[in-house]
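# Observations on chain architecture
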Amino acid sequence: MKTRDAIALALVQLRVQKLKSFFTLLGVMIGVMFLIAVVSIVEGMGRYVEEDFAGRLVGVNTFTLRRFNNVGPGGNRGFDAREARRRPVIRMTDVDAVRDALPAGLVPSITSETFKYASAPGARPRQVQAVATDANYFTIKKYNLEQGRAFTDQEVRSGTPVIVIGVEVAAHFFPGLNPLGRALRLGGIPFTVIGVVEKQGSVFSFSLDRLAIAPYTSPMGRLIRPAKDIGSLVVQAPNATALAEGIEAARGALRARRGLRAGEPDNFGLVTQDAAFGFIKELKGRLILFGTALPAISLVVGAMVIMNIMLVAVAERTREIGVRKALGARRGDILSQFLVEAATLSTLGAAIGIALGIGLAKLISAFTPLPAAVAPWSVAAAIVTGAGVGIAAGIYPASRAARLDPIAALRQE
Amino acid sequence: MTATGPGVAEPALTETAERRAVVGAAGGTPEHDWVIVTRGLTRQYDMGGEIVRALRGVDLAIRRNEYVAIMGPSGSGKSTLMNLIGCLDTPNGGEYWLNGTLVSRMSDDALARVRNKEIGFVFQTFNLLPRASALQNVELPLVYAGIPADERRRRAAEALTQVQLGERMHHRPNELSGGQRQRVAIARALVNRPSILLADEPTGNLDSQTSAEIMRVFESLADQGQTVVMVTHEPDIAAHARRVVVLRDGVIASDETRAQYAERVGLAAAAH
């Protein structure tokens, strides 16, 4: 018998016993549904972090020179507090050495940031993301200005107290007003608003529009970092190769400047996006593992239900099996008939589960800040799992059916 | 050797000597004309330690185009013989040649193939699949023969038309009368053009009028040259066949023409 005939036959059986079939595939359905939902959420978070977070917060193909290299739970391994305290801060002279050594095409930007309360007449003080940087920052961050302009190299050199703000800052402090030319105070010092960055949206419901960017040479620099400490140098490369070259150039230049001997470890940090997001990848892996272990239990239960139902089906249809054998069905025909039936049943369950899982993921992402992205591999995996569960559950009942003696089977009432 | 018990008339079929010769040539391939040849066929069952000898050496030769009834009381071994002839079972001893092929030593799957190609079964209880239409039921043997769907449908429809069920081919068995169901079963048995039509009590579940109708179908099939073997315990049904073989205690007790049989058991029905 051809597989197509076997599938057609299985679908007939399914149609005849709709309710029973539905209950049979419930286990597989629920298992696959949660599998898809969990993977979609985790995948969505991961993609969000990797694309949006990396692109918007850190920047693609960037590395950061800073005093320490600890970033998040993944980067803290082997952290030596005493060694860290001995590390010198990043000074202007360090930055100059590194900037001179960088290959052409790489864009460096002195950047430090923190949260500061800002104030303006007529509005409640509010925390903003205060950034002390140079003009390159706008290039690296790909910030387009909705209003006004970014500050110039000239303003950076002279330390003019000018500031570029995010749309949320503009809306809070200057509602209904043109913010350009107005004063925004940080740490009691007035900064003149010269530009507004267009809307950036949010990452994990953390708004990216609460910006307040001023030259690092302006009083903003001293508000954020102690004197002489530059904070960090962000360097953006056009591609991954240039990035690697840039990192090595920066390392070499700084080691030479600080007079580190060969074998001595770096007393500064060079942090890439990969390192920064290593922990997120690890987290994602764990979430997928735990998130799929639970639905897997449901799949095992689903498999047992299918096996049970198939055993009942074989018992109920003993006579039919006898007739089929009398008419020329070989063992393999009967075996494949029941295997295909079990596989069809559970693949259908998986298909319904995929639809429900995608729905559930969309529902979750619509009502919670969790993003969702349906991974194509998870759909393929769910289909394969569905068919696999059916075949695994069907083997024993099907082989029992195939081994039936036709005479005894025909005699069965 | 044709077993004949004492007191039973020596079978007077014209080709008896020839039949003896075919049956007696142990190990030799029968000529094309002989569809069924069994030589010393035995079958025993182990019923919880007790050996039941259902067949004790059956020598039977059936030519192409014969219409044979196998008779016998219950326990005579006729069902066992039918299962062996139908290739549903294998003997413990002896030979069974079907259409010039020794089938008594074949594997399960090879027997399935033989059943599919050579045997058309008609059962007492019809054994139609309840959830399939008449057409789908008739298609079944063709499915297992690996015939493409289009041709399958065409041939099944043709077979149903032959048994005057062309109008009802999309009906399910429970929408058909007993006689119609048995005709669907006959169409299914014939759709693969088997060497033998093997009927097991084909009228056992039918009233006498419907039985007569089914017997007329068999009659006309036999007239068209179909080899028919029918197992029954009803003498008046057996008398429709042209040759009657009676089994008793696992051996052939008599092997006669219809006329001889009817005369011996005093059946008026065989007068025609």
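These notes cover the structure that comes with them. In this text the structure is predicted, and so the values were computed from the model without any measurement.

Our next topic: helix α13 (residues 376-403) of chain A. Residue and element names in this part refer to chain A. Counted at 1.5 Å a residue, the expected span for α13 with its 28 residues is 40 Å, and the 40 Å between its end C-alpha atoms agrees. Most pronounced at Ile395, the bend in α13 amounts to some 45°, and the proline Pro397 follows within four residues. Three or more residues of α13 are buried, namely Ser378, Ala382, Thr385, Gly386, Val389, Gly390, Ala393, Gly394, Pro397, Ala398, Ala401 and Ala402.

Residue and element names in this part refer to chain B. Read across the open sheet, the 6 strands follow the order β6-β7-β8-β3-β9-β10; overall the sheet is mixed. The open sheet is flanked by β6 (119-122) and β10 (251-257), the only strands paired with a single partner. Taking the axes of each pair of neighbouring strands and ignoring which way they run, one obtains an average angle of 20° across the sheet. With 4 bridges joining them, strand β3 (residues 67-71) and strand β9 (residues 243-248) adopt parallel strand pairing. In the sheet register, Val68 faces β9, and the bridge partner there is Arg243. This element, helix α6 (residues 178-190), spans β6 and β7 (196-200) of the sheet and lies at about 170° to β6.

Opposite the 18 residues of chain B that make contact, chain A presents 18 residues. For the side of chain B that touches chain A, the elements supplying multiple residues, two or more each, are α3 (108-118) and α4 (134-144) of chain B. Considering each element in turn, the side of chain B that touches chain A owes the most residues, 6 residues, to α3(B). For the side of chain B that touches chain A, the residue count by class is 9 nonpolar, 3 polar and 6 charged.

This next bit is on the nonpolar core. Within the largest apolar cluster, 132 residues are counted, with the highest numbers of intra-cluster contacts made by Ile70(B) and Leu160(B). Take this core: its biggest share by element is 15 residues, from helix α2 (residues 18-58) of chain A. Dropping the residues within four chain positions of it, Ile70(B) is found in contact with Lys78(B), Leu81(B), Met82(B), Val229(B), Val231(B), Val245(B) and Leu247(B). Listed in part, the 52 residues of the second largest apolar core include Leu106(A), Ala118(A), Ala170(A) and Leu233(A).

Before going further, it helps to examine the sheet that holds strand β4 (residues 93-98) of chain B. The strand order β2-β1-β4-β5 (chain B) describes an open sheet built from 4 strands, whose pairing is antiparallel. Looking at the sheet topology across the chains shown, the edges are occupied by β2 (50-63) and β5 (101-102) of chain B.

Here we come to the environment of Asp249(B). All names here are of chain B. Here Asp249 shows up in the loop between β9 and β10. On the basis of neighbour counts, which here come to 15 C-beta atoms within 10 Å, the residue Asp249 falls in the partly exposed class. Separated by 177 residues in sequence, Asp249 and Gly72 have C-alpha atoms that sit 8.9 Å apart.

About the cut-offs
- Residues numbered from 1 in each chain as written.
- Chains lettered and ligands numbered in written order.
- Predicted model: local features only at pLDDT ≥ 70, side-chain atom pairs only at ≥ 80, totals over all residues.
- Helix = DSSP H or I, 4+ residues; strand = E, 2+ residues; numbered from the N terminus.
- Expected span 1.5 Å × (residues − 1).
- Bend = angle between axes of the 7 residues up to and from the residue.
- Buried ≥ 20, exposed ≤ 12 C-beta atoms within 10 Å, placed from the backbone.
- Pairing = 2+ DSSP bridges.
- Axes fitted to C-alpha atoms, helices over the stretch in contact; angles between N-to-C directions.
- Contact = placed C-beta atoms within 7 Å.
- Nonpolar A, V, L, I, M, F, W, Y, C, P; charged D, E, K, R; others polar.
- Core = buried A, V, L, I, M, F, W, Y, C linked by C-beta atoms within 7 Å.

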